[in-house]
Amino acid sequence: MAMIRVLSLVLSVLSSVTLLWTQSGECNNGRRSADAVDTDFSGFSVPLEHSFEVDDVPRFRLRGALQFRGGREQGVYLSQNQLSEKDRNTLKDVAAVDGLYRIRVPRVSLQVDRQTEKQSEGYLTTFVRACSLVESHLSDVITLHTDVSGCVVGISIVTIPGSCRGIEVEDEVDLEVFNTTISVVAPVTAPVPETAPYIERMEQEMEKKGKNPQEQKSFFAKYWMYIVPLVLFLMMSGAQDQSGGGAGGGAANGGGR
Amino acid sequence: MAWLVVRLAISMSLLYTASAVFEDQVGKFDWRQQFIGKVRFALFDTHSQASKKLLLATDKNVFASLNSRTGDLFWRHVDKTGPEGHIDALLMYGQDAVVVVGNGRLLRSWETTVGGLKWETVLDTGSFQAAALVGVQDFVKYVAVLKKSAISLHDLSSGSEIWVENLPDSDSVQYQTIYSGGNGLVLVLGVVPNSHIVIVEYKIEDGEIMNKKSVEAAWMSSLESSCAVVSSGILLCVDQITQSLYTLPLQSAEQTEMRQIHLQTLDLEVVSGFRPVLTSTQPNPAQPPLSEFFLQLSPDHHILLQFKDGLIAPLRDFNPAYLAAFATSGERTVAAVMSPKNDTACSINLFSADTGRRHLDTTIIYHMDPNGGKPNRLYVHAFLKKDDSVGYRVMVQTEDLALTFLQQPGRVVWMREEALADVVTMEMVDLPFTGTQAELEGEFGKKAAIQDGLLPMVLKRLSSQFILLQAWLAHLWKLFYDARKPRSSVKNEVTIDVLSRDEFNLQKMMLMVTASGKLFGIDSKSGTILWKQYLENIQPNSVFKLIVQRTTAHFPHPPQCTLLIKNKDTGLGSLYVFNPIFGKKSQISVPALPRPILQTLLLPVIDQDYAKVLLLIDDQYKVTAFPSTKNVLQQLQDTASSIFFYLVDSSQGKLSGFRLRKDLSTELIWEVVIPTEVQKIVAVKGKRANEHVHSQGRVMGDRSVLYKYLNPNLLAVITESTDTHQERSFVGIILIDGVTGRIVHEAVQRKARGPVHFVHSENWVVYVYWNSKFRRNEFSVLELFEGAELYNSTVFSSLDRPHPPQVLQQSYIFPAPINTLEATLTEKGITSRHLLVGLPSGNILSLPKLFLDPRRPEMVSEQSREENLIPYAPEMPIREEWFINYNQTVSRVRGIYTAPSGLESTCLVVAYGLDIYQSRVFPSKQFDVLKDDYDYILISSVLFGLFFATMISKRLAEVKLLNRAWR
């Protein structure tokens, strides 16, 4: 038994995916140079905990560790253990009663130099239906959201696919290893009114018009040769209509008799 | 031809925009009511007998003149909000009204007939204490303003400063009042609390200090509240602890201490705990006050006293009497006293001030509104009749801020509901069917009908049809009857009894909750107040939430509204359940709420009486259901696992989500914490529950569909940075799913700050912020799309939407500041949306959402043209014809409420602030209604003409055929 445990420890998987670490300029606040100095060894790790209980009272256990890399190539890695057999069974039981699978991370700041400054207490929690986790064969997407200063404000988890259809899941193979995609998302900068391109465009249009004097002419100046004959024609035909109509009327009257 | 082209060009350019009203449509389906607020000063113009002016200054910083015969506004000046525009004092002399504004910052003189500003003077800094008119030799020439440390005298006709003098020892003495008896001196009275009184005499001409003395008064804490000047310069004070009156001649040199007169010697006693009040009157500022004065000993005990030769003598005892006031007409001063008559009425009588004798035949009966508050202020307008007797009218202000103007023998001349100047929240409720309509509806609605069987059902149907026929005949008869009468005598009085839903449900009941705790039911078509209800004991800092639990659709169950009243400090709440149509309090038992309420949730779950279930979450996260019948609890247990709610704690920056458990307790399921050191949550808004979205997606230029991300649980959270430096400040917008706590989108608007106004609807959020770098207001729009295909097209579940939406955003410059923002709402959501923008100028701009579209292209392409996208322009246009309220501006617009009507094209709009404006808007024009000027005669004559023409031509053709056959 001990042997197996050691084996499973040895086999512990480092499933990690790096994703967009959109670090914004403001976030660094001029500490960029300082970050660059302490390159590779500035990373730190944060525990990721999960809880799934049949009675739905959260009891969080360690699921893995989130490792943040500071420095130039910033990123996040998640190293996590396999689910034990007991956990697998619990998870399936929880899924059967439509319970929740919860995860939480402590509130941290991803600004490396702020780590020492202050350790804010409390956790950020979220959940996903246990059944959807089981049915997706433990493939989940975890996203950490930060604010402008690099503090983690929220965590979200979704499974792909996200639905619960009541599909039976083969044990062992499918519920051992998490297939996790993890990413950190910083807020995007909202656009401001774009006056410069607009003015540029207007100027270009003006230039175009300036170059091409043909287009500056008014509607009438351009198309007078079509309009005048048309108008003349309409006037003529109108006059003819009146006289013709009168004549036709007379003929009709005559025909009637 | 040219003319035609021009016309064509104009009509093309108006294609998007024609939304203005025509001249003949003015006031047809819109109305405006103007208010002034709670009256602080009211003065009648006694300058001439025929004058109808009533000058009022209110706590809303409004200075107005009312027509005392009709209650309409002659003119109104709305000053700045807050202490800057606060009206400190109102004085009137002749045609001029002098106003001190902004804690003694400005002195203004107004011409009262047209409301024009005569002059304005900026005063020195210093907090305002008192102001008084100063007269010399029977003629009022000056106005004196007392500040904390200085007194200044201004000329009444030009406002120019005559002199300004510093007050002696102003750091220890609190100067509080000015007195001038027309003898060339201005007296400033100050007090050192619990020590002595200081009296300083200034010469009017040059401000020279003529005399200064201090008098012992160890019992006194405040001059203003306990003293008055009577007779020829006698300071009269009252003290409830020693139960005595004190007198002091202000200008006598010999008397150096106040003379004490025990109230016991007058057989009087102050009720314990009541602060006695002295009221004197000075009819002419250039002459000393009268020697008669009122002393109020308890809330309903007044006594008229006279000061004569150093002695005080009671003239008349008024017990009980709620209110008493002096009024002067010509040389005669009278006192009006309001005494209770019975439970529902008070009588007001007139007494001569110098003798205390009652004037005969001067009783006014004032009927108290059973749904209103108690009277608390009395303003009297006295005038001389032809036979030289004194006549009078009174204006009564009640606790619920209603102004009633009465004349003998108790006729209400007019009434104003000034509580409506401060509307907090409102709802619109459909009117009920008429009795007959309801009968027909109810016939099939009842469950009993199923058991009845076929024959009784047929009989029932026939009988209800017969009733309908009867009603129709009665209606016809009434029409015929009315038509014979002259037009003027046919009145369109709106009462609750005749109210019924119209064909297109355009007329609704507006429920308005005001800050003073008075509820109103207003007919949306005419603006008539149909019912009102004053809720007593409402704390001034209460917050209200109005919930419609049952609409009028469930006959015979009456509609039901619930008002949650919550004390802002303690968080404790109470429920008030009422019928929104009649305003009557419902008999339903209301759950007791012993703990502070954090959140309310209206569920679509209904009980057996068709009332929606309201969940109240207290600070221990326990849930109370209302109504909480067995049926409801059973339903809640069944659906508990799918009931989620969220809480916002902006002080800790915490957003948390909870799920209901079967035993009505809750469990925390998600938590998002936004550090308060960086930014604070200023607002959280979900979507409106009664919103319908007709189209699931948008058709693109290439005929593919871009599906909208329509998450009904989405919350828009707006944050503002704590750092207010213009370079580093920002506004954050976070879109969170309210069920899973998943952050769907997070954006930061840099170099921006609040106040942020925003609308969250369909798949978009529009917000307005202040760009601190460029110093301008900017609009930003966020739209969320699922993409080219839907994940699950049949049903939306927050738990099963793994893919994040695509977010598009664009910003625009808005060339005006804004007060409030709202979006139009229609029955089925087919009509295009407009944004209603309340501007500080009082206009309401109806801005097409078309202009706020993040897909507006930089460069025009074939596809964007196909999609009808307007090319991007950074500045948002404001066109005059987009103002839905033409010249009917709404002062200090604070909120806009929109409600759908029965017509898809029409949205009802109510804008409220100081004024209330109701109108209809047609964002896609009236596509489902014939125009007002539709030519029915032409179309019917053409139809008939064609019909007869075919008949005749058919006949002719037959004849012709016959002739041909014979040939």
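Because the structure is a prediction, the values reported are computed rather than measured.

## Structural notes on the overall build of chain A
- A tally of regular secondary structure across chain A gives eight helices and nine strands.
- Burial status across chain A gives 39% buried among its 257 residues.
- By sequence separation, contacts in chain A at least 24 residues apart represent 68% of the contacts at least 6 residues apart.
- About 14800 Å² of surface is accessible on chain A, with carbon and sulfur atoms providing 58% of the total.

## Some thoughts on the overall build of chain B
- Across its full length, chain B holds eight helices and 62 strands.
- Across its three principal directions, the C-alpha atoms of chain B cover 130 × 80 × 75 Å.
- When the 967 residues of chain B are sorted by exposure, 52% land in the buried category.
- For chain B, long-range pairs separated by at least 24 residues make up 50% of all intrachain contacts whose partners lie at least 6 apart in sequence.
- Split by element, the accessible area of chain B, about 45400 Å² in all, is 54% carbon and sulfur.
- Distance from the positive charge centre (96 side chains) to the negative charge centre (100 side chains) of chain B: 7 Å.

## Some remarks on the side chain of H145 of chain A
- As for its placement among the helices and strands, H145 of chain A is situated in strand β6 (residues 139–146).
- The exposure class of H145 of chain A is buried, given its relative accessible area of 6%.
- Within the structure, H145 of chain A has its side chain in polar contact with the backbone oxygen of I743 of chain B (distance 3.3 Å).
- Those residues in contact with H145 of chain A, other than ones at most four positions away along the chain, are C151, V152, V153, G154, S156 and V185 of chain A together with I743 and E746 of chain B.

## Overview of the environment of R411 of chain B
Residue and element names in this part refer to chain B.
- By secondary structure assignment, the location of R411 is in strand β33 (residues 411–417).
- Along the backbone, R411 and I364 are 47 residues apart, and their C-alpha atoms lie at a distance of 8.1 Å.
- What R411 contacts, discounting residues up to four positions off in sequence, is F405 and L406.

## A word on the domain arrangement of chain B
Residue and element names in this part refer to chain B.
- In terms of domains, chain B is made up of domain 1 (422–439 + 500–590) and domain 2 (596–673).
- The centre of domain 1, based on its C-alpha atoms, is set 23 Å off from the matching centre of domain 2.
- Listed by partner, the interface residues are 19 residues for domain 1 and 13 residues for domain 2.
- Ranking the residues of domain 1 by area buried against domain 2 places I547, Q549 and H557 at the top, with a combined share of 35%.
- Taken together, the links from domain 1 to domain 2 amount to zero salt bridges.
- For the pair domain 1 and domain 2, the number of links is five residue pairs in polar contact (both at pLDDT 80 or more).
- Examining the composition of the side of domain 1 that touches domain 2, we find that five residues originate from one element, strand β38 (residues 542–550), more than from any other.

## Overview of the interface of chain A and chain B
- Listed by partner, the interface residues are 44 residues for chain A and 50 residues for chain B.
- It is F127, P193 and R201 of chain A that lose the most area in chain A upon contact with chain B, and together they represent 16% of the buried surface on that side.
- Applying the counting criterion to the chain A and chain B interface returns two salt bridges.
- E667 of chain B is the partner of R102 of chain A in a salt bridge, and the nearest nitrogen-oxygen pair spans 2.8 Å.
- Applying the counting criterion to the chain A and chain B interface returns 15 residue pairs in polar contact (both at pLDDT 80 or more).
- Counting only elements with at least two residues in the side of chain A that touches chain B, the list comes to β4 (100–106), β5 (123–129), β6, β7 (152–159), β9 (188–189) and α6 (195–211) of chain A.
- Here the side of chain A that touches chain B is composed, by residue class, of 22 nonpolar, 13 polar and nine charged.

## A closer look at the state of the cysteines
Residue and element names in this part refer to chain B.
- Counted by the stated rule, this structure contains two disulfides over all chains.
- In this model, C227 is linked to C237 through a disulfide, with the two sulfur atoms separated by 2.0 Å. Where C227 bonds to C237 through sulfur, the torsion about that S-S bond is close to 105 degrees, and the disulfide is right-handed. With a gap of 10 residues between them, C227 in strand β18 (residues 227–230) and C237 in strand β19 (residues 234–239) connect regions that are remote in the sequence. Both residues of the pair, C227 and C237, count as buried.
- Left without a disulfide partner, C561 is nearest to the cysteine sulfur of C907, which lies 19 Å away.

Rules of the game
Residues numbered from 1 in each chain as written. Chains lettered and ligands numbered in written order. Predicted model: local features only at pLDDT ≥ 70, side-chain atom pairs only at ≥ 80, totals over all residues. Heavy atoms only, no water. Helix = DSSP H or I, 4+ residues; strand = E, 2+ residues; numbered from the N terminus. Buried < 20%, exposed > 50% of the residue type's maximum accessible area, 1.4 Å probe, protein only. Contact = heavy atoms within 4.5 Å. Areas by Shrake-Rupley, 256 points an atom, 1.4 Å probe, with all protein chains shown as cover. Lys, Arg positive; Asp, Glu negative; His and termini not counted. Charge placed at Lys NZ, Arg CZ, Asp CG, Glu CD. Polar contact = N/O pair within 3.5 Å; in protein donor to acceptor, adjacent residues only side chain to side chain. Domains from an automatic or database assignment. Buried area = accessible area lost by both parts, 1.4 Å probe. Salt bridge = Lys/Arg side-chain N within 4 Å of Asp/Glu carboxyl O. Nonpolar A, V, L, I, M, F, W, Y, C, P; charged D, E, K, R; others polar. Disulfide = S-S within 2.5 Å.

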